[in-house]
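Residues per chain, in single letters:
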Amino acid sequence: MKAVTFHGERDVRVERVEDPRIQHPADVIIRVTTGAICGSDLHLYHNAIPGLLPGHIIGHEYVGVVEEVGSQVTAFRKGERVVGAFHVACGRCRMCRREAYNQCEHGGVLGYGIAFGDLAGTQAEYARIPFADTTLRRVPDGLTDEQALFSGDILTTAYGAVANSGLQPGETVAVIGCGPVGIMAVQSALAMGASKVFAVDLVRERTDLAEKLGAVPVPSGEVNPSSRILNGTDGEGVDVVIEAVGGSPTLKLAFELVRGGGRISAVGVTAEDTFAYPLMNSLTKDVTFRIGLANIHRDMDATLALVRGGRIDPTVVVSHRLPLSQAAEGYRLFDKREASKVILDGSL
Ligand code: NAD
Ligand code: ZN
Ligand code: ZN
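As the structure is a prediction and not an experimental result, all values here were calculated from the model.

Novice: Could you clarify how one ought to interpret the coordination of the zinc ion (ligand 3) in this entry?
Specialist: In this structure, Cys90 (SG), Cys93 (SG), Cys96 (SG) and Cys104 (SG) serve as the protein donors to the zinc ion (ligand 3), at separations of 2.3 to 2.4 Å. Around the zinc ion (ligand 3), the 4 donor atoms are arranged such that angles at the metal cover 104 to 117°; this shape is classified as tetrahedral. For the zinc ion (ligand 3), all donor residues lie on one chain, and their spacing in sequence is C-x2-C-x2-C-x7-C. Within this pair, whereas Cys90 is found in the loop between strand S6 (87-88) and helix H2 (94-97), its partner Cys104 is found in the loop between H2 and strand S7 (108-109), the two being separated by 14 residues in sequence.

Next comes the structure, spelled out in structure tokens:
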């Protein structure tokens with residue numbers, strides 16, 4: 001089969017590789033019908049992930065059709081359309097039993113190299129999905145591949161960040177970063193009953209899109225986000241801040257935007273080891289700060305239902321649709337920010 005493989009910094013290729021096969025009775029082999037390039041794939045593209053060997057198949061956003069099932073798989077049959085989480089979880093260990101699927105003792109991330117379980121990725125014609133009963137969901141009737149796709153990663157990441165904040169109906173929210181994850185955090189917060197969502201990004205086109213979806217745009221390249229948001233909340237600050245960029249500057253901003261007694265929920269990935277925590281500000285303001293990886297298995301059914309019910313349209317972020325054979329061009333465009341989200345369709 002053909003697959004997208006990693007060869008070094010900014011060097012990904014579409015190559016002929018061996019077909020995947022069932023390695024464990026809980027595996028399923030899928031024929032990938034639609035995939036995408038994720039913001040997290042750019043960390044690989046920049047050679048910033050240790051333990052990624054040349055030739056490793058990458059990618060972890062996928063929808064497909066079940067081709068073959070292992071003997072322990074009970075939930076799926078050949079021919080069914082499925083969407084899956086970007087990280088796999090066994091469903092049986094201590095962590096999974098606590099619904100901490102992102103902490104699974106046997107877990108890993110598809111297409112992310114040795115440090116993440118050494119699992120081949122899904123930017124390929126076929127892929128092996130471990131622990132399929134836990135990791136996959138049937139695509140609900142009536143949903144296209146593209147509508148279902150993001151429940152396996154960025155939509156559910158965004159939704160989970162809002163859920164982790166404990167958002168109550170009627171509360172105000174600021175989302176920092178309006179990339180695909182931030183846009184979906186805006187959509188999730190509105191769907192979960194936020195009264196007002198401020199959308200902060202340096203790039204005006206990105207806050208324009210958030211505005212179309214119902215947010216108050218805060219183009220932070222042009223206006224001071226702190227004064228804009230304090231003014232917009234009677235001087236209080238927002239109840240909840242969602243940080244969807246990654247790194248110190250935007251975490252620092254989150255502490256400025258949150259009201260006394262409010263909550264910050266961060267999902268942005270960063271290579272920084274430490275962050276100068278604003279201890280006195282946090283102490284006096286009684287701020288709750290939470291950061292963590294997405295817990296897709298916990299929230300995937302909820303996001304699929306919101307998409308199916310027409311409450312969230314995740315396809316608004318898609319700017320490019322390319323065949324798998326043009327994946328290298330897709331990575332280039334996405335890396336240069338000429339594409340906001342690249343779909344790789346199943347064709348070659
Ligand atoms: P992206 O890079 O496409 O979007 C980031 C956005 O932040 C861009 O629109 C950019 O203009 C904006 N931005 C950058 N600096 C800013 C600043 N100082 N102030 C305001 N806006 C700023 O990324 P994405 O795909 O939307 O993902 C967002 C983050 O979430 C990434 O770090 C990604 O790796 C992470 N992520 C985390 C998980 C998880 O499990 N925690 C899962 C998926 C993605
Ligand atoms: Zn991802
Ligand atoms: Zn587990």
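Structure shown, so let's carry the discussion forward.
Novice: Explanation requested: the site of ligand 1 in the structure shown.
Specialist: Around ligand 1, the surrounding shell holds 25 residues, and the nearest of these are Val181, Asp201, Arg206, Ala294 and Arg337. In this structure, His43 approaches ligand 1 through a side-chain N or O atom, which is 3.4 Å from an oxygen atom. For ligand 1, an oxygen atom lies 2.8 Å from a polar atom in the side chain of Arg206. Within the complex, the protein chains bury 87% of what would otherwise be the 870 Å² of accessible surface of ligand 1. Counting only elements with at least two residues in the shell around ligand 1, the list comes to helix H1 (39-45) and helix H6 (180-191). The element best represented in the shell around ligand 1 is H1, accounting for 3 residues. For the shell around ligand 1, the per-class residue count stands at 11 nonpolar, 10 polar and 4 charged. Mapped onto the domain boundaries, the shell around ligand 1 takes at least three residues apiece from domain 1 (2-153 + 295-345) and domain 2 (156-291).

Novice: Is there a simple way to think about the pairing of strand S3 (residues 28-37) in this case?
Specialist: Remark: a regular strand shows side chains that alternate across the two faces of the sheet. A large share of S3 lies buried, amounting to 8 of its 10 residues. Two elements, S3 and strand S4 (residues 61-69), share 8 bridges in a ladder whose sense is antiparallel. Bridging from a neighbouring strand, Arg31 pairs with Val65 of S4. Relative to strand S17 (residues 342-345), S3 is paired through 4 bridges, and the arrangement is antiparallel. Within S17, the residue paired with Gly35 across the bridge is Leu344.

Novice: Is there a simple way to explain the pattern of salt bridges in this structure?
Specialist: Opposite charge on two side chains allows them to pair when their charged atoms are near. Summed over the entire model, instances satisfying the criterion amount to 18 salt bridges. In this structure, the salt-bridge partner of Arg10 is Glu9, at a minimum N-O distance of 3.0 Å. For Arg10, a relative accessible area of 44% corresponds to the partly exposed category. Look at the salt bridges and you will find they share partners, linking Glu9, Arg10 and Asp335 into a network.

Novice: Looking at this structure, how should I read the nonpolar core?
Specialist: Soluble, globular proteins show a tendency: their nonpolar side chains are buried together. Among the nonpolar cores identified, the biggest contains 67 residues, and Phe150, Val173, Val197 and Ile242 are the most heavily contacted of them. Both domain 1 (2-153 + 295-345) and domain 2 (156-291) contribute no fewer than three residues apiece to this core. Residues within four places of Val173 in sequence aside, it is in contact with Leu167, Ala189, Ala194, Lys196, Val197, Phe198, Val238, Val240 and Ile242. The next biggest cluster of nonpolar side chains, apart from the first, holds 23 residues, and it includes Val88, Cys93, Phe131 and Leu136.

Novice: Please clarify how the UniProt feature "domain: Enoyl reductase (ER)" (unreviewed entry) in the protein should be interpreted in this entry.
Specialist: Residues given the UniProt feature "domain: Enoyl reductase (ER)" (unreviewed entry) here are residues 8-344. Helix makes up 29% of residues 8-344 and strand 24%, and the two end C-alpha atoms of the span are 21 Å apart.

Novice: What am I meant to see in unusual backbone geometry here?
Specialist: Residues apart from glycine generally show negative phi values, whereas peptide bonds are mostly found in trans. You will see that Arg10, though not glycine, has its phi angle at about 55°, which is positive. Summarising the element assignment, Arg10 is placed in the loop between strand S1 (2-8) and strand S2 (11-16).

Novice: Can you help me understand helix H11 (residues 296-308) in this one?
Specialist: Side chains of residues three or four places apart in an α-helix project in the same direction, reflecting 3.6 residues per turn. A rise of 1.5 Å per residue sets the reference length of H11, with its 13 residues, at 18 Å; its end C-alpha atoms lie 17 Å apart and thus fit the reference within 8%. One or two steps after H11, the chain reaches Gly310, where phi turns positive at roughly 80°.

Novice: What exactly am I supposed to notice about the packing of aromatic side chains here?
Specialist: Each aromatic ring pair is specified by the distance between its two centres and by the angle formed by the two planes. By the definition in use, this model includes 7 aromatic pairs. Taken together, Phe255, Phe275, Tyr277 and Phe289 form an aromatic cluster joined through their ring pairs.

Novice: What should I look at first to understand the coordination of the zinc ion (ligand 2) in this one?
Specialist: Six octahedral donors around a metal ideally subtend angles of 90 or 180 degrees, whereas four tetrahedral donors ideally subtend 109.5 degrees. Taken together, the protein donors to the zinc ion (ligand 2) comprise Cys38 (SG), His60 (NE2) and Asp153 (OD), at separations of 1.9 to 2.2 Å. Motif for the zinc ion (ligand 2), donor spacing along one chain: C-x21-H-x92-D. You can see Cys38 sitting in the loop between S3 and H1 and its partner His60 sitting in the loop between H1 and S4, a full 22 residues away along the chain. Just as Cys38 is buried, His60 falls in that class too.

Novice: Even after reading the chapter, I still don't get the packing of helix H5 (residues 154-164) against H6, so can you show me in this structure?
Specialist: Geometrically, a packed helix pair is captured by the angle between its two axes and the distance between the axes. Packing of H5 against H6 brings their axes to within 8 Å, and their N-to-C directions diverge by 55°. Taken together, the axes of H5 and H6 are oblique relative to one another. Where H5 crosses over H6, the handedness of that crossing is right-handed. Counting all contacts with H5, which are made through Ile154, Leu155, Thr157, Ala158, Tyr159 and Val162, the residues of H6 involved are Pro180, Val181, Met184, Ala185, Ser188 and Ala189. Broken down by class, the residue content of the contact of H5 with H6 amounts to 10 nonpolar, 2 polar and no charged.

What counts, and where the lines are drawn
- Residues numbered from 1 in each chain as written.
- Chains lettered and ligands numbered in written order.
- Predicted model: local features only at pLDDT ≥ 70, side-chain atom pairs only at ≥ 80, totals over all residues.
- Heavy atoms only, no water.
- Donors = N, O, S within 2.8 Å, 3.2 Å for Na, K, Ca; no water.
- Tetrahedral: all angles 85-135°; square planar, octahedral: opposite > 155°, others 65-115°.
- Helix = DSSP H or I, 4+ residues; strand = E, 2+ residues; numbered from the N terminus.
- Near = heavy atom within 4 Å.
- Polar contact = N/O pair within 3.5 Å; in protein donor to acceptor, adjacent residues only side chain to side chain.
- Areas by Shrake-Rupley, 256 points an atom, 1.4 Å probe, with all protein chains shown as cover.
- Nonpolar A, V, L, I, M, F, W, Y, C, P; charged D, E, K, R; others polar.
- Domains from an automatic or database assignment.
- Buried < 20%, exposed > 50% of the residue type's maximum accessible area, 1.4 Å probe, protein only.
- Pairing = 2+ DSSP bridges.
- Salt bridge = Lys/Arg side-chain N within 4 Å of Asp/Glu carboxyl O.
- Core = buried A, V, L, I, M, F, W, Y, C linked by side-chain atoms within 4.5 Å.
- Contact = heavy atoms within 4.5 Å.
- UniProt positions renumbered as here; feature names shortened; annotations may be inferred.
- Expected span 1.5 Å × (residues − 1).
- Phe/Tyr/Trp six-rings, centres within 6.5 Å; stacked < 30°, edge-to-face > 60°.
- Axes fitted to C-alpha atoms, helices over the stretch in contact; angles between N-to-C directions.
- Parallel < 35°, antiparallel > 145°, perpendicular 65-115°, else oblique.
- Left-handed = near helix turned anticlockwise from the far one by under 90°.

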